[in-house]
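# What the coordinates show
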Amino acid sequence: MPFAPCYLLLLGCTCVMSTYGPHQRAQMTGDILLGGLFPIHFGVASKDQDLAARPESTQCVRFNFRGFRWLQTMIFAIEEINNSSTLLPNITLGYRIFDTCNTVSKALEATLSFVAQNKIDSLNLDEFCNCTDHIPSTIAVVGAAGSAVSTAVANLLGLFYIPQISYASSSRLLSNKNQYKSFMRTIPSDEYQATAMAEVIEYFQWNWVIAVASDDDYGRPSIEKFEKEMEERDICIHLNELISQYMEDHEIQALADRIENSSAKVIVVFASGPDMEPLIKEMVRRNITNRIWIASEAWASSSLIAKPEYLDVVAGAVGFALKAGHIPELKEFLQQVQPKKDGHNEFVREFWEETFNCYLKDRPRRQESDNGSTSFRPLCTGEEDITSVETPYLDYTHLRISYNVYVAVYAIAQALQNILTCTPGHGLFANNSCADIKKMEAWQVLKQLRHLKYTNSAGGKMNFDEKFDLGANYTIINWHRSAEDGSVVFEEVGYYNVYSKRGGKLVIDKTKILWNGFSLEVSTKLFPIYQVPFSNCSEECEPGTRKGIIDSMPTCCFECSECSDGEYSNHKDASICIKCPNNSWSSGNHTSCFLKEIEFLSWTEPFGIALAICAVLGVVLTAFVMGVFVKFRNTPIVKATNRELSYMLLFSLICCFSSSLIFIGRPHDWMCRLRQPAFGVSFVLCISCILVKTNRVLLVFEAKIPTSFHRKWWGLNLQFLLVFLFTFVQVMICVVWLYNAPPSSYMNHDIDEIIFITCNEGSEMALAFLIGYTCLLAAICFFFAFKSRKLPENFTEAKFITFSMLIFFIVWISFIPAYFSTYGKFVSAVEVIAILASSFGMLACIFFNKVYIILFKSSRNTIEEVRCSTAAHAFKVAAKATLKQGTVSRKKSGSSGGSSASSPSSSVSLKTNGDGGETPSGRKKPRVSFGSGTVMLSLSFEESRRGSLM
């Protein structure tokens, strides 16, 4: 038969495959088989394979007591399930557990055993194979520990959809379900741990740290996520290093040099214990003790690092550990281990030898080298008391990874229970069918695990999330030195809740943290005061300063710059100075703001009081002058100054003095809208009166003989009409101003430490029109006053009006630059001074001389004085006219050849009431001798004419 050789070959392969895989294992048959991968050793011996001979399998070295405890926990969970009457009744679970030696190669060798056995079993060769040691398919694998190992295993198991539940692989890369289809875990992803570590750094206000990670699929993704979290928090990483347990000595020394020379005191490490050990040993050798270590869960409670001889370096470390769980009766199970009883577990014998430092009778005697001398281990019986020695194997006070192993086994058992109790029509498979527990395949278990939801014995709800991770939280531990024996004590100082909102996830009790690692009793004697270690690139900036950037340095390195005036910072290490509110100003040390002093031209301040007194004095003086004029209204000098216009002029001066008072006091909107129009209209009214009065007198005297035309058109009605028209123009300017851009009060915050309450004029152009129109009228008035300066002094005040207009121009020309160069309350003060100065100038120049004459020189306040003054003026005018006429005549006679020897005498006679040399009253006419002729001047003042002139 041609197929016979093939059958024989397959038969031989079946028997071979049943024993395929690493020789050392823990194995027990059952109806359903679970696989296990645990790091029973920390690594493999480095051996140069020169291929001169057939390569040999590498040897695992350095026994891992914690890894062995994890293995024992899996066996304990399986036995507990097998003894249960409710979970998988009448079904026995078996196991095949291999040592990964914490390396990918050993893990893949064991994984190939699971895969090969499953492929052989899928051929259904039971009828051809009668091997008694036939092993069924492995329907699920518990493990592995390291993320790098689990990544390689997951790639292989995923090809065959064999579910894998890791108890300690936290790499965030394993959350990629497109690549790792069958990977699940009972430990949270490093996605959360990196964030948690960054929050711890931020919590202690460090900004200058060293990051160290394993050079594998666990360390590299973790440190990458950590860097992003640090960037978001503006925290700088000074050094970013990768380590491995297989690094050369010179590489370890170079790394230690960089750490020692760094100014950063905090070292964040994403690495396993074996990868960390070479670096820690070098740090211990150099006695580098002034560092704070932040440990990831992979080495936060590692027995390789948590040794008394390393505590000088790592004491006070803050680590992230998985939340501890409770496993009933595990303690007793661990204590019952013995080489003679546990024949199915081939790791027990090596564990026994390593624990008691001996060798068993049927195993080769091992030798050890201690300080150059060789010694042999003594023989042991295998019946020693395991509780008499101190070993990490029996450290069940905080079951973290062991509890994850326990949960992983129970999760698989619960999935099998769901398959066992599945009701047809309610299953997870095609047409809602159920899987057959006796012919079950690994992919069906994977499907069931993905939909697993159950309540454990402690009442906790267990289920895998969308990334097939079992939710968990972190416990934050602090490495203390025991006061009794100097050993390491892991003190819980806080926790990190993955599912809480940001800001409430991290909880730390700082009072429990001992940064140097000593216990509380020792620390109170040796180190009475503990402060959070300093790990910043620059010293913190005190309040009142801010952090300034230093060129070519990271943002965490800065210099402290004092806040500018008007800014403050009230806490340390402020990134920016906060600008004080508009109504405040910074204090001298720039740590706070105080309210600015509010200033305006107040009634209560000396300057305001002085200006108010001057204004009131101006009003009083003007009122006094008006009273004098009213009392002596029928005297010649009052009549000669046009009484009605004088009264109006005095009233306008009272308004000018009064308008200055509106500029004093706290500005309000109504005050701002009233004061400029009041000032402008008052001054225009005043200057209009002066202009009309001066121009009228000038026209009358230039007319020589007043006619009825002058009396008609220069009567009081026309005078008041002109005053009204001139004033009306100013009123319209003010109305347009108030309608389009009304002034308003506002607070000027531009001045340091002071708020000036002033008026916003609304339109500077409108103010310019108002003052410009006033100045235009003043200029016209000045022109007429200057032209009429030689009129009779007792009759008109032309000279004094000219002086008053000069004063007006000097004041207001000086006002313009002063107005625009001052600020705050001084703007109002400048305008008040200008109003008072110009008002006093007009009052004094126009009226004080007359008041003086009326009150103290009454002899000059007579009709004769007025006539004499008027006659003198008329004589002067006539004399000038005669001289001018004589000069013209001589020029004409000279040009005609000189027809006579002498010029005729000139005679000028002004007659008002007939010819002759006497007046109707019989008095002689005044005569004046001038040159070769005689000038006779006759003046007669009629009451009606005088009235028209006055």
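Computed from a predicted model, the values in this text were never measured in an experiment. (Residues numbered from 1 in each chain as written. Predicted model: local features only at pLDDT ≥ 70, side-chain atom pairs only at ≥ 80, totals over all residues. Heavy atoms only, no water.)

Take the nonpolar core next. Residues Phe38, Met74, Ile201, Phe226, Ile294 and Leu416 are the most contacted members of the largest nonpolar core, which totals 108 residues. Sequence-distant contacts of Ile201, that is, excluding residues within four places in its chain, are made with Trp206, Val209, Phe226, Met230, Ile235, Val266, Val268 and Ile294. (Core = buried A, V, L, I, M, F, W, Y, C linked by side-chain atoms within 4.5 Å. Buried < 20%, exposed > 50% of the residue type's maximum accessible area, 1.4 Å probe, protein only. Contact = heavy atoms within 4.5 Å.)

A few words on the environment of Lys331. Position of Lys331 relative to the elements: it lies in helix H10 (residues 330–335). Accessibility expressed as a relative area gives 40% for Lys331, which makes it partly exposed. Distance in space between the C-alpha atoms of Lys331 and Leu394 is 7.5 Å, their sequence separation being 63 residues. (Helix = DSSP H or I, 4+ residues; strand = E, 2+ residues; numbered from the N terminus.)

Quick look at a negative patch on the surface now. Together, Glu390, Asp395, Glu484 and Asp485 make up a region of like negative charge exposed at the surface. With respect to the secondary-structure elements, Asp395 resides in the loop between strand S15 (373–376) and helix H12 (401–420). Judged by relative accessible area, which is 36%, Asp395 ranks as partly exposed. (Patch = residues over 30% accessible without salt bridge, like charges linked within 9 Å, V, L, I, M, F, W, Y side chains within 5 Å. Areas by Shrake-Rupley, 256 points an atom, 1.4 Å probe, with all protein chains shown as cover. Salt bridge = Lys/Arg side-chain N within 4 Å of Asp/Glu carboxyl O. Lys, Arg positive; Asp, Glu negative; His and termini not counted. Charge placed at Lys NZ, Arg CZ, Asp CG, Glu CD.)

Right, let's get into the side chain of Ser482. Tracing the backbone through its elements, the reader meets Ser482 in the loop between strand S18 (474–481) and strand S19 (488–496). Residue classification places Ser482 among the buried positions, given a relative accessible area of 16%.

We now examine the packing of helix H2 (residues 65–82) against helix H11 (residues 347–356). The description of two packed helices rests on the angle between their axes and on the distance between the axes. Viewed as axis vectors pointing N to C, H2 and H11 meet at an angle of 145 degrees, and their least axial separation amounts to 11 Å. Classified by chirality, the crossing of H11 by H2 is left-handed. Two secondary-structure elements touch here, H2 through Phe65, Phe68 and Leu71 and H11 through Phe347, Val348, Phe351, Glu354 and Thr355. Partitioned by chemical class, the residues of the contact of H2 with H11 number six nonpolar, one polar and one charged. (Axes fitted to C-alpha atoms, helices over the stretch in contact; angles between N-to-C directions. Left-handed = near helix turned anticlockwise from the far one by under 90°. Nonpolar A, V, L, I, M, F, W, Y, C, P; charged D, E, K, R; others polar.)

Another aspect to go through is the state of the cysteines. Per the stated rule, a full pass over the model turns up nine disulfides. The residue that forms a disulfide with Cys541 is Cys560, at a sulfur-sulfur distance of 2.0 Å. One quick way to see it: the torsion about the S-S bond of Cys541 and Cys560 is about -95 degrees, and its sign makes the bridge left-handed. You can see Cys541 sitting in the loop between helix H14 (520–526) and strand S21 (545–549) and its partner Cys560 sitting in strand S22 (residues 558–562), a full 19 residues away along the chain. Among the residues examined, Cys560 registers a relative accessible area of 40% and is labelled partly exposed. Each disulfide pairs two cysteine sulfurs, and for Cys672 the partner residue is Cys759, the sulfurs being separated by 1.9 Å. (Disulfide = S-S within 2.5 Å.)

What follows covers unusual backbone geometry. A cis amide bond, omega 0 degrees, links Gly143 with the succeeding residue Ala144. Here Ala144 is to be found in the loop between strand S6 (138–142) and helix H4 (147–159). You will see that Asn287, though not glycine, has its phi angle at about 60 degrees, which is positive. On the secondary structure map, Asn287 appears in the loop between helix H8 (273–286) and strand S12 (292–295). Although it is not a glycine, Asn432 adopts a positive phi angle of roughly 60 degrees. Take Asn432: it is sitting in the loop between H12 and helix H13 (442–450).

Applying the stated criterion across every chain, the model contains 30 aromatic pairs. Taking the centre distance of 5.1 Å and the plane angle of 80 degrees together, the rings of Phe204 and Trp515 count as edge-to-face. Note that Phe204 is positioned in the loop between helix H5 (190–203) and strand S9 (208–214) and Trp515 in the loop between strand S20 (506–508) and H14, a separation of 311 residues in sequence. In this structure Phe204 comes out as buried when scored by relative accessible area, which is 7%. (Phe/Tyr/Trp six-rings, centres within 6.5 Å; stacked < 30°, edge-to-face > 60°.)

Attention shifts here to the sheet that holds strand S5 (residues 93–99). The strand order across the open sheet built from six strands is S1-S5-S2-S6-S7-S8, with neighbouring strands paired in mixed fashion. The strands lining the two open edges of the sheet, one partner per strand, are strand S1 (25–28) and strand S8 (183–185). For this sheet, the mean inter-axis angle between neighbouring strands, taken without regard to orientation, is 20 degrees. Here three bridges tie strand S7 (residues 164–166) to S8, and the two strands are oriented parallel to one another. Counted as the bridge partner of Ile165 is Met184 from S8. Along the sheet, H12 makes contact with strand S2 (32–38), S5, S6 and S7, crossing S6 at roughly 155 degrees. (Pairing = 2+ DSSP bridges.)

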